[in-house]
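# Structure assessment
As a plain string of letters, each chain reads:
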Amino acid sequence: LTHFNVTHFPSPFWSYPIPYLFVEFILPETILSLGARTNTRMSEFLLAGIATSTACLFSHPLETIKVRLQLQNQLKHASSASKSTSRHLIYDSIRKEGLLSLQRGLSVGICYQFVMNGTRLGTYSTMQKVLNQGERSNGIGFFLLNVALGASSGAAGAFLASPFFMIKTRMQSAMLSLTPEQAKQVGHQYRYRNVVQALQEVYRNEGGLKALWRGSSAASMRVASGSAAQLSSYDSVKRLIVNNLHMDPTHSRTHFAASAITGFIVTLVMNPFDVVSTRLYNQEVNAMGKGTMYNSVTDCITKMYKMEGISGFYKGSVAHYCRLAPHTILTFVFWEFLRNKFT
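Just so it is clear, the structure is predicted and the values come from calculations on it, not from any experiment.

### Some remarks on the state of the cysteines
Summed over all chains, the structure comprises 0 disulfides. Between Cys111, a cysteine without a disulfide, and Cys56, which holds the nearest cysteine sulfur, the sulfur-to-sulfur distance is 9.6 Å.

### Side note on the nonpolar core
The nonpolar side chains of soluble globular proteins are, as a tendency, buried together. In terms of nonpolar packing, the biggest core is built from 20 residues, with Tyr112, Ile167, Tyr192 and Val202 touching the most fellow members. Elements that contribute at least two residues to this core include exactly helix 4 (106-130), helix 6 (162-173), helix 8 (195-205) and helix 9 (216-245). Residue contributions to this core peak at 4 residues, all from helix 6. Apart from the residues lying within four places of it in its own chain, the contact partners of Tyr112 are Asn117, Ala161, Phe164, Phe165, Lys168, Arg222 and Val223.

### Regarding empty space enclosed by the protein
In total, this model carries 2 cavities of 30 Å³ or more according to the counting rule given. Here the largest cavity is characterised by a volume of approximately 170 Å³. Counting residues per element, the ones that place at least two in the lining of the largest cavity are helix 4, helix 9, helix 10 (252-282) and helix 12 (317-342). Reported here for the second largest cavity is a volume of approximately 60 Å³. Lining the second largest cavity are Cys56, Ser59, His60, Glu63, Gly109, Tyr112, Gln113, Phe165, Lys168, Arg222 and Arg323. Looking at the lining of the second largest cavity, the elements with two or more residues in it are helix 2 (40-71), helix 4 and helix 6. Here the element with the most residues in the lining of the second largest cavity is helix 2; it accounts for 4 residues. Here the residues of the lining of the second largest cavity sort into 3 nonpolar, 4 polar and 4 charged.

### Side note on the packing of helix 6 against helix 10
Packing of helix 6 against helix 10 brings their axes to within 9 Å, and their N-to-C directions diverge by 80°. The orientation of helix 6 with respect to helix 10, classified from their angle, is roughly perpendicular. Residues Ser162, Phe165, Met166, Thr169, Arg170 and Ser173 of helix 6 form the contact with helix 10, whose participating residues are Asp274, Ser277, Thr278, Tyr281 and Asn282. In terms of residue class, the contact of helix 6 with helix 10 is built from 3 nonpolar, 6 polar and 2 charged.

### Quick notes on helix 4
Helix length check: helix 4, at 25 residues, gives a terminal C-alpha distance of 34 Å against a target of 36 Å (1.5 Å per residue), a fit within 8%. Asn117 marks where helix 4 bends most, by close to 25°.

### As for a nonpolar patch on the surface
Taken together, Phe264, Leu268, Val269, Tyr305, Ile310 and Tyr314 make up a surface patch of nonpolar side chains, about 600 Å² in accessible area. Within the residue set of the nonpolar patch, elements represented by two or more residues are helix 10 and helix 11 (297-312). Considering each element in turn, the nonpolar patch owes the most residues, 3 residues, to helix 10. Within the fold, Leu268 resides in helix 10. Residue class for Leu268 comes out partly exposed when judged on its relative accessible area of 49%.

### What to know about helix 11
Over its 16 residues, helix 11 extends only 15 Å from the first C-alpha to the last, a length that falls short of the 22 Å expected when each residue adds 1.5 Å. Taking the largest bend as the criterion, helix 11 deviates by roughly 90°, centred on Lys306. Listing the buried residues of helix 11 in full gives Val297, Asp299, Cys300, Met304, Glu308 and Gly312.

### As for unusual backbone geometry
Positive phi, normally seen in glycine, also occurs at His246, with a value near 55°. Examined against the element boundaries, His246 turns out to sit in the loop between helix 9 and helix 10. Residue classification places His246 among the exposed residues on the basis of a relative accessible area of 67%.

### With respect to the environment of Thr262
Structurally, Thr262 is set in helix 10. With a relative accessible area of 0%, Thr262 lands in the buried category. Not counting the four nearest positions on each side in its chain, Thr262 is found in contact with Ala229, Gln230, Ser233 and Tyr234. Within the structure, Thr262 has its side chain in polar contact with the backbone oxygen of Ala258 (distance 2.7 Å).

### Some remarks on the side chain of Gln74
With respect to the secondary-structure elements, Gln74 resides in the loop between helix 2 and helix 3 (86-97). When its relative accessible area of 15% is taken as the criterion, Gln74 is described as buried. At 2.9 Å, the side chain of Gln74 and the side chain of Tyr294 are in polar contact. Look past the residues within four positions of Gln74 in its chain and what remains in contact with it is Gly187, Arg279, Met293, Tyr294 and Glu308.

Parameters and conventions
- Sequence order as written defines residue numbering, which begins from 1 separately in each chain.
- Note on the predicted model: pLDDT of at least 70 is required for a residue's local features to be given, and 80 or more for side-chain atom pairs to be given and counted; whole-chain, interface and lining totals, by contrast, use all residues.
- Excluded from the side-chain calculations are hydrogens and water; all other atoms, namely the structure's heavy atoms, are used.
- Pairs of cysteine sulfur atoms within 2.5 Å are identified as disulfides in what follows.
- Grouping buried Ala, Val, Leu, Ile, Met, Phe, Trp, Tyr and Cys residues that are joined through side-chain atoms within 4.5 Å yields what is termed a nonpolar core.
- The buried label applies to any residue whose accessible area, calculated with a 1.4 Å probe on protein chains only, is under 20% of its type's maximum; exposed applies above 50%, and partly exposed to all values in between.
- The way it works is that DSSP assigns letters per residue, a run of H or I at least four long becomes a helix, a run of E at least two long becomes a strand, and they are numbered from the N terminus.
- The criterion used for residue contact is that any of the two residues' heavy atoms lie within 4.5 Å.
- Lining residues are defined by having an atom within 4 Å of a point belonging to a cavity or pocket. Those points lie on a 1 Å grid over the protein atoms alone, cavities being sets where a 1.4 Å probe fits but cannot get out and pockets being open sets with protein on both sides within 12 Å along at least five of seven lines.
- Grid points are joined across faces, edges and corners, and a volume is the space filled by probe spheres set on the points.
- All amino acids are sorted into three groups, where Ala, Val, Leu, Ile, Met, Phe, Trp, Tyr, Cys and Pro are nonpolar, Asp, Glu, Lys and Arg are charged, and the leftover types, Gly among them, are polar.
- Axis geometry follows a simple rule: fit a line to the C-alpha atoms, using only the stretch in contact for helices, then measure angles between N-to-C directions, giving values from 0 to 180 degrees.
- We call two directions roughly parallel when the angle between them is under 35 degrees, roughly antiparallel when it is over 145, roughly perpendicular when it lies between 65 and 115, and oblique otherwise.
- The span one expects for a helix is its residue count, reduced by one, times 1.5 Å.
- To obtain the bend at a residue, axes are fitted to the seven residues ending there and to the seven starting there, and the angle between these axes is taken.
- Patch definition: residues above 30% relative accessible area lacking any salt bridge, with like charges linked at up to 9 Å and the nonpolar side chains Val, Leu, Ile, Met, Phe, Trp and Tyr linked at up to 5 Å.
- Accessible areas in this description were obtained via Shrake-Rupley with a 1.4 Å probe; residue shielding takes into account the shown protein chains only.
- We count a salt bridge whenever a side-chain nitrogen from Lys or Arg sits within 4 Å of a carboxyl oxygen from Asp or Glu.
- Think of a polar contact as two N or O atoms within 3.5 Å of one another; within protein, one of them needs to be a possible hydrogen donor and the other a possible acceptor, and neighboring residues in sequence only count if both atoms come from side chains.

Here's what the structure looks like:
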């Protein structure tokens with residue numbers, strides 16, 4: 001607030017709503033101040049983290065539905081497993097636990113989004129600038145480089161944020177209104193009060209520091225594949241829309257259209273790895289710190305294919321897209337807005 005200038009206001013500052021003051025004056029001054037104290041590259045990480053964390057506020061309920069669908073009827077043949085839809089699951093969650101149950105794990109979800117996507121998008125954007133891709137943005141070389149940058153930045157972000165993703169998954173899967181027998185149908189139920197207590201329990205009871213990164217290899221594969229598809233597809237789809245439909249590249253409608261198409265591509269590529277990582281993170285752990293259902297990524301993939309077939313890898317895919325499409329749209333709209341305003 002030391003950089004705040006009340007002369008910016010056309011009328012007395014106390015006559016404005018607090019949200020307007022925050023968005024139009026306090027947030028810009030804060031970001032610009034932080035950018036001035038660090039550097040332009042650091043501001044990319046900050047802006048990306050803010051954009052994705054903001055998008056998480058809207059997409060988190062659908063993420064909760066997706067997680068619960070992915071954990072249903074694990075290692076059961078498709079013919080014998082009872083089916084559930086997003087609609088029924090939402091209804092049951094609201095009826096039994098209330099609407100706020102769909103926001104369970106929101107705080108750690110925001111932490112995850114800020115760390116993972118701040119690293120992912122910030123690294124991706126910075127590397128593009130370092131390699132001057134803005135000047136050479138045509139051809140197959142541009143697309144392949146975007147794939148490589150997206151995959152590497154996504155893997156790095158997923159590894160750093162893996163402990164938060166584990167806790168988020170366990171909190172979202174918890175359905176407190178279910179009986180122990182009913183709970184078995186939606187995966188192991190962890191009862192955490194908050195993020196700090198959850199991290200402490202994992203550290204103390206599941207094998208120390210390395211336990212916090214259990215399943216990080218699957219998460220890295222998940223985000224690397226999704227990030228490569230998302231970032232490369234978004235840039236390419238956006239360019240096709242601009243060149244063929246002659247839309248303004250800075251307009252929110254362009255970002256919306258490119259993000260909607262990108263969300264479908266990402267869901268197709270990412271959902272199998274998403275199911276695997278969700279199950280590895282949520283499975284019960286024995287006294288030796290080992291998972292009771294799956295030993296590794298390979299073991300999980302093999303067992304799922306034998307028992308559930310290809311369809312098992314696309315459990316929750318509809319909910320995934322319904323969550324991913326608006327999340328992708330909001331992420332890139334917020335990111336583009338913040339980058340245009342503050343960089």
